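Spelled out from the first residue to the last, the chains are:
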Amino acid sequence: MARREFTKTTKREALKRSGGLCEAVGEWYGLQGGQRCNAPLSYGVEFDHIDLDANSKDNSLENCAAVCIDCHRVKTFGHDIPVAAKTRRQQDKARGIKKRKSSLSHPYLKKKLSGEVVDLRTGEVVSR
Ligand SMILES: [Zn+2]
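The following paragraphs examine the structure supplied in this document. (Residues numbered from 1 in each chain as written. Predicted model: local features only at pLDDT ≥ 70, side-chain atom pairs only at ≥ 80, totals over all residues. Heavy atoms only, no water.)

1. Topic: the coordination of the zinc ion
Tetrahedral coordination by four donors places them ideally at 109.5 degrees to one another around the metal; octahedral coordination by six donors ideally gives 90 or 180 degrees. Of the protein atoms, only Cys22 (SG), Cys37 (SG), Cys68 (SG) and Cys71 (SG) coordinate the zinc ion, at distances of 2.2 to 2.3 Å. For the zinc ion, the four donor atoms in the first shell make angles of 103 to 118° at the metal, so the coordination geometry reads as tetrahedral. Along the chain, the residues donating to the zinc ion are arranged with the sequence spacing C-x14-C-x30-C-x2-C. Of this pair, Cys22 sits in the loop between helix H1 (8-18) and strand E1 (45-49) while Cys71 sits in helix H2 (residues 69-77), placing them 49 residues apart in sequence. (Donors = N, O, S within 2.8 Å, 3.2 Å for Na, K, Ca; no water. Tetrahedral: all angles 85-135°; square planar, octahedral: opposite > 155°, others 65-115°. Helix = DSSP H or I, 4+ residues; strand = E, 2+ residues; numbered from the N terminus.)

Rendered as structure tokens:
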């Protein structure tokens, strides 16, 4: 697999444009839509292709984002949905929102991998 690379000039220009702050924006990086990371890039910088089209050969400055290591890792190895869910959980935690206890908190109810909920006292499937 050929790796798409930005030229040194493009990277330098992107870094200059960033003002030394992470340019990652939005959910692909585990952020809220439209929110910019703005983490200092002094701990390390990665250059990321904004356009996610795998066929794109766009190595222009417009398609280059200077992002922090964390954001790059999230986008490279993560998936937008679990990341967004994690962000929501962290925000909920910060706001003091606790997960409402479901019937699954009863010790005698067990959810199987198949999605069925089994009553351990009777062995009956109570919901699916
Ligand atoms: Zn970042």
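2. Observations regarding the pattern of salt bridges
With the rule as written, the count across this model stands at seven salt bridges. Between Arg17 and Glu23 there is a salt bridge, with its nearest N and O atoms 2.9 Å apart. Judged by its relative accessible area of 40%, Arg17 falls in the partly exposed class. Classification of Glu23 by relative accessible area gives buried; the value is 13%. A salt bridge links Asp119 to Arg121, with the nearest nitrogen and oxygen atoms 2.9 Å apart. For Asp119, a relative accessible area of 8% translates into the label buried. (Salt bridge = Lys/Arg side-chain N within 4 Å of Asp/Glu carboxyl O. Buried < 20%, exposed > 50% of the residue type's maximum accessible area, 1.4 Å probe, protein only.)

3. Here's the deal with the nonpolar core
In summary, soluble globular proteins display a tendency toward joint burial of nonpolar side chains. Judged by nonpolar contacts, the single largest core of 14 residues is most densely connected at Cys22, Ala24, Tyr29, Phe47, Val67 and Cys71. Ranked by residue count, the leading element in this core is strand E2 (residues 64-68), at five residues. In contact with Ala24, not counting residues within four places along its chain, are Tyr29, Leu31, Gln35, Arg36, Cys37, Ala66, Val67 and Cys71. (Core = buried A, V, L, I, M, F, W, Y, C linked by side-chain atoms within 4.5 Å. Contact = heavy atoms within 4.5 Å.)

4. Quick look at H2
Of all the positions in H2, only Cys71, His72 and Lys75 are classed as buried. Viewed along the axis of H2, the buried residues span an arc of 100°, placing them on a single side of the element. Taken together, the buried residues of H2 touch E1 and E2. (Arc of directions from axis to C-beta.)

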